[in-house]
Amino acid sequence: DFCLSRGLGDVYKRQIFMIGACYVLGLLMDRVADRLTDKKKRRIKNRYPIKASTSILVWEKVKQDTFAAFTLSRIRILRSTMVNFAVIGVAGMLVSFCVYCNGILGILSLVFFEIMALIAWQAHTSLLINYYRKTQNLERDMANEEEKI
């Protein structure tokens, strides 16, 4: 019984280490994804300018800041998904070539995951455009309402 519980302790220690390592890797991937998409985000944001210092302030005024936070989380998830698919595609190709000596499997893996990365890129772009356009429209509508009063 003592040996069994000691063995399970080792398993739990490895799981805790892996959870920590995955968390740090996730943070790193999020930073990389943020750097890769920052220019596009600024370009879209500049296309839909607002007077407020941040977009979330506009959403707070109409009591929809929870929806805005949810949308920003979706944007962040898509951003990381895009980078993860691209990395998995390259890694899958390398494993297929080096470990399994299977070029066709490697190419199929690369093509599949890169297509998924492109879909995530498009969804990320679309969500950014919709978010900033709606923010601009909300601010304009609030200004029009204030002028009426």
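Residues numbered from 1 in each chain as written. Predicted model: local features only at pLDDT ≥ 70, side-chain atom pairs only at ≥ 80, totals over all residues. Heavy atoms only, no water.

With that out of the way, let us pick up the overall build of the protein chain. A count of helices and strands for the protein chain gives four helices and zero strands. Its helices and strands taken in sequence order, the protein chain reads α-α-α-α from the N to the C terminus. Computed over the C-alpha atoms, the radius of gyration of the protein chain is 22 Å, more than 25% above the 15 Å expected from 2.2 N^0.38 for a compact globule of 149 residues. Referenced to the eigenvectors of the C-alpha coordinate spread, the extents of the protein chain come out at roughly 75 × 50 × 20 Å. When burial is assessed residue by residue, the protein chain has 24% of its 149 residues classed as buried. For the protein chain, long-range pairs separated by at least 24 residues make up 79% of all intrachain contacts whose partners lie at least 6 apart in sequence. Of the roughly 10800 Å² that the protein chain leaves accessible, carbon and sulfur atoms contribute 65%. Placing the 22 positive and 13 negative side-chain charges of the protein chain at their respective mean positions leaves the two points 5 Å apart. (Helix = DSSP H or I, 4+ residues; strand = E, 2+ residues; numbered from the N terminus. Rg over C-alpha atoms; globule rule 2.2 N^0.38 Å. Buried < 20%, exposed > 50% of the residue type's maximum accessible area, 1.4 Å probe, protein only. Contact = heavy atoms within 4.5 Å. Areas by Shrake-Rupley, 256 points an atom, 1.4 Å probe, with all protein chains shown as cover. Lys, Arg positive; Asp, Glu negative; His and termini not counted. Charge placed at Lys NZ, Arg CZ, Asp CG, Glu CD.)

Now for the nonpolar core. With 13 residues, the main nonpolar core has I44, Y48, W59, I75, L128, Y131 and Y132 as its most contacted residues. When contributions to this core are tallied by element, the ones reaching two or more residues are α2 (55–61), α3 (65–98) and α4 (103–148). In terms of residues, this core owes the most to one element, α4, which gives seven residues. Leave out the neighbours within four places in its chain, and L128 touches K40, K41, I44 and I75. (Core = buried A, V, L, I, M, F, W, Y, C linked by side-chain atoms within 4.5 Å.)

Attention now moves to α4. In a regular helix each residue adds 1.5 Å, so 46 residues correspond to 68 Å; α4 covers 67 Å between its end C-alpha atoms and thus fits that length. With a side-chain oxygen positioned 3.3 Å from the backbone nitrogen of I104, the residue opening α4 is N102. (Expected span 1.5 Å × (residues − 1). Polar contact = N/O pair within 3.5 Å; in protein donor to acceptor, adjacent residues only side chain to side chain.)

This model, assessed by the stated rule, comprises five aromatic pairs. Here W59 and Y131 contribute two aromatic rings whose centre-to-centre distance is 5.7 Å and whose plane-to-plane angle is 10°, an arrangement assigned as stacked. With W59 in helix α2 and Y131 in helix α4, this residue pair connects regions lying 72 residues apart in the sequence. With relative accessibility at 2%, the residue Y131 sits in the buried group. Arranged with centres 5.0 Å apart and planes meeting at 80°, the rings of F112 and F113 form a pair that is edge-to-face. The partly exposed category is assigned to F112, whose relative accessible area is 48%. Here the aromatic cluster, defined as three or more aromatic residues joined through ring pairs, consists of W59, F67, Y131 and Y132. It is K40 that lies over the ring of W121; its NZ or CZ is 3.6 Å from the centre. (Phe/Tyr/Trp six-rings, centres within 6.5 Å; stacked < 30°, edge-to-face > 60°. Lys NZ or Arg CZ within 6 Å of the ring centre and 35° of its normal.)

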